[in-house]
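Notes for the structure review
Chain by chain, the residues:
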Amino acid sequence: MTQEELDALMSGDIDIDEAYEESEPSAPQPEEEEPAADEPYHETNPDKYRVSAMNSWPPPPPTDDNKMVHQLDDVTKESEQKASEIFDLIEGISNDLGKGEKEIKPIQSAIESNIELFTTLCEKFPHVDTFKAQLDKNVAAKENLDGILEILQNGGDTIMNIMDIMQYQDIHRQKIERVINVMRALSTYMNHLFAGKIDDSKRVSSAVHIHGDTTTEDVVSSDDIEALLASFGQK
């Protein structure tokens, strides 16, 4: 408290109760607790539903994002497309490396001719330092050129190894497609297994609440029972 506030308090210009209420810190707001992993997930809106391995109910809605075969089809399609793009890029790099090797060979041949020439000149004119210096420069250039050529050749070999490894991507795609076929076969089998002879629109509606149920929500009313009996009389 400052001296001015103390003087105002002594003179009675400030209500001590009001000042205490204003200076009293507000109670901390309770933090929102995240639902425990074992608590049921109550969101049923398909647009807001989030799939989580920690919640077993309700099951994911049959949207395009949750249809398993639909998702796997997208995976195989996109994987094949991206693999094709990667192969195109790798092929371009391989072509550039091969072109570099071809362009280096004429230069290499020219340097070898220079080495032969300056070697002959050095033998005939051993006291001329210029011939010896040019011979050393060409020998060094040839060594550097041989190193560059080796790097290009190693790059080409690496590219071939990458293309061999990328073949496994096609094998993985075929495995996913086999899983898709098994899932579709199981879906067809289940549809045939649970197929009925009576159309759903002609079936009698079942009771919402039966004696012995643990819940009493949505109990069938007397009006519903009368309507059900009347439907029997119309048949």
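Our subject is the structure listed above.
I will try to describe carefully the structure that is included in this document. (Residues numbered from 1 in each chain as written. Predicted model: local features only at pLDDT ≥ 70, side-chain atom pairs only at ≥ 80, totals over all residues. Heavy atoms only, no water.)

The next thing to look at is the overall build of the protein chain. Each helix and strand counted, the protein chain has 5 helices and 0 strands in total. Ordered by position in the sequence, the α and β elements of the protein chain form the string α-α-α-α-α. When burial is assessed residue by residue, the protein chain has 12% of its 235 residues classed as buried. Counting contacts in the protein chain only where the partners sit at least 6 residues apart, residues at least 24 apart contribute 52% of the total. (Helix = DSSP H or I, 4+ residues; strand = E, 2+ residues; numbered from the N terminus. Buried < 20%, exposed > 50% of the residue type's maximum accessible area, 1.4 Å probe, protein only. Contact = heavy atoms within 4.5 Å.)

Take helix 4 (residues 129–193) next. Taking 1.5 Å of rise per residue, 65 residues should cover 96 Å, and helix 4 covers 97 Å from first to last C-alpha, within 8% of that figure. On its buried side, helix 4 packs onto helix 3 (68–124). (Expected span 1.5 Å × (residues − 1).)

What follows concerns the environment of Lys77. Position of Lys77 among the secondary structure elements: in helix 3. Sequence separation between Lys77 and Arg173 is 96 residues, and the spatial gap between their C-alpha atoms is 8.8 Å.

Right, let's get into the side chain of Glu101. One can find Glu101 in helix 3. Beyond its immediate stretch of four places on either side in the chain, Glu101 contacts Leu149, Leu152 and Gln153.

Relative to the 84 Å expected for 57 residues at 1.5 Å per residue, helix 3 spans 83 Å between its end C-alpha atoms, a close match to the ideal helical length. Turning to helix 3, its buried residues are Thr76, Ala83, Ile90, Leu97, Gly100, Glu101, Ile104, Gln108, Ile111, Ile115, Phe118 and Cys122. Summarising the contacts, the buried residues of helix 3 are in contact with helix 4.

Tracing the backbone through its elements, the reader meets Gln169 in helix 4. Leaving out residues up to four positions away in the same chain, Gln169 has contacts with Ser79, Glu80 and Ala83.

All right, on to the nonpolar core then. Counting residues in hydrophobic clusters, the biggest one holds 12 residues: Ile90, Leu97, Ile104, Ile111, Ile115, Phe118, Cys122, Leu135, Leu145, Leu149, Leu152 and Ile159. A per-element tally of this core places helix 3 first, with 7 residues. Beyond its immediate chain neighbours, meaning those up to four positions away, Leu97 contacts Leu152, Gly155, Gly156 and Ile159. (Core = buried A, V, L, I, M, F, W, Y, C linked by side-chain atoms within 4.5 Å.)

What follows is about the environment of Met166. You can see Met166 is positioned in helix 4. Measuring from C-alpha to C-alpha, the distance between Met166 and Ile86 comes to 9.0 Å, with 80 residues separating the pair along the chain. In contact with Met166, not counting residues within four places along its chain, are Ala83, Ile86 and Phe87.

Below, the discussion takes up the pattern of salt bridges. Tallying each qualifying case throughout the model produces 5 salt bridges. Lys82 serves as the salt-bridge partner of Glu85, at 3.9 Å between the closest nitrogen and oxygen. Here Glu85 pairs with Lys82, and both are found in helix 3, just 3 residues apart, close to one helical turn. Judged by relative accessible area, Glu85 falls into the partly exposed class, the value being 37%. The exposure class assigned to Lys82 is partly exposed, which follows from its relative accessible area of 48%. (Salt bridge = Lys/Arg side-chain N within 4 Å of Asp/Glu carboxyl O.)

A separate point is the packing of helix 3 against helix 4. Viewed as axis vectors pointing N to C, helix 3 and helix 4 meet at an angle of 165°, and their least axial separation amounts to 7 Å. Of the possible angle classes, the one that applies to helix 3 and helix 4 is roughly antiparallel. The interaxial crossing formed by helix 3 with helix 4 has left-handed handedness. Grouping the amino acids of the contact of helix 3 with helix 4 by side-chain chemistry returns 33 nonpolar, 14 polar and 10 charged. (Axes fitted to C-alpha atoms, helices over the stretch in contact; angles between N-to-C directions. Parallel < 35°, antiparallel > 145°, perpendicular 65-115°, else oblique. Left-handed = near helix turned anticlockwise from the far one by under 90°. Nonpolar A, V, L, I, M, F, W, Y, C, P; charged D, E, K, R; others polar.)

This paragraph deals with a nonpolar patch on the surface. Taken together, the side chains of Tyr189, Met190, Leu193 and Phe194 make up a nonpolar region of the molecular surface, amounting to roughly 450 Å² of accessible area. Along the chain, the position of Phe194 falls in the loop between helix 4 and helix 5 (222–234). (Patch = residues over 30% accessible without salt bridge, like charges linked within 9 Å, V, L, I, M, F, W, Y side chains within 5 Å. Areas by Shrake-Rupley, 256 points an atom, 1.4 Å probe, with all protein chains shown as cover.)

Nothing here speaks to function; it is all geometry.
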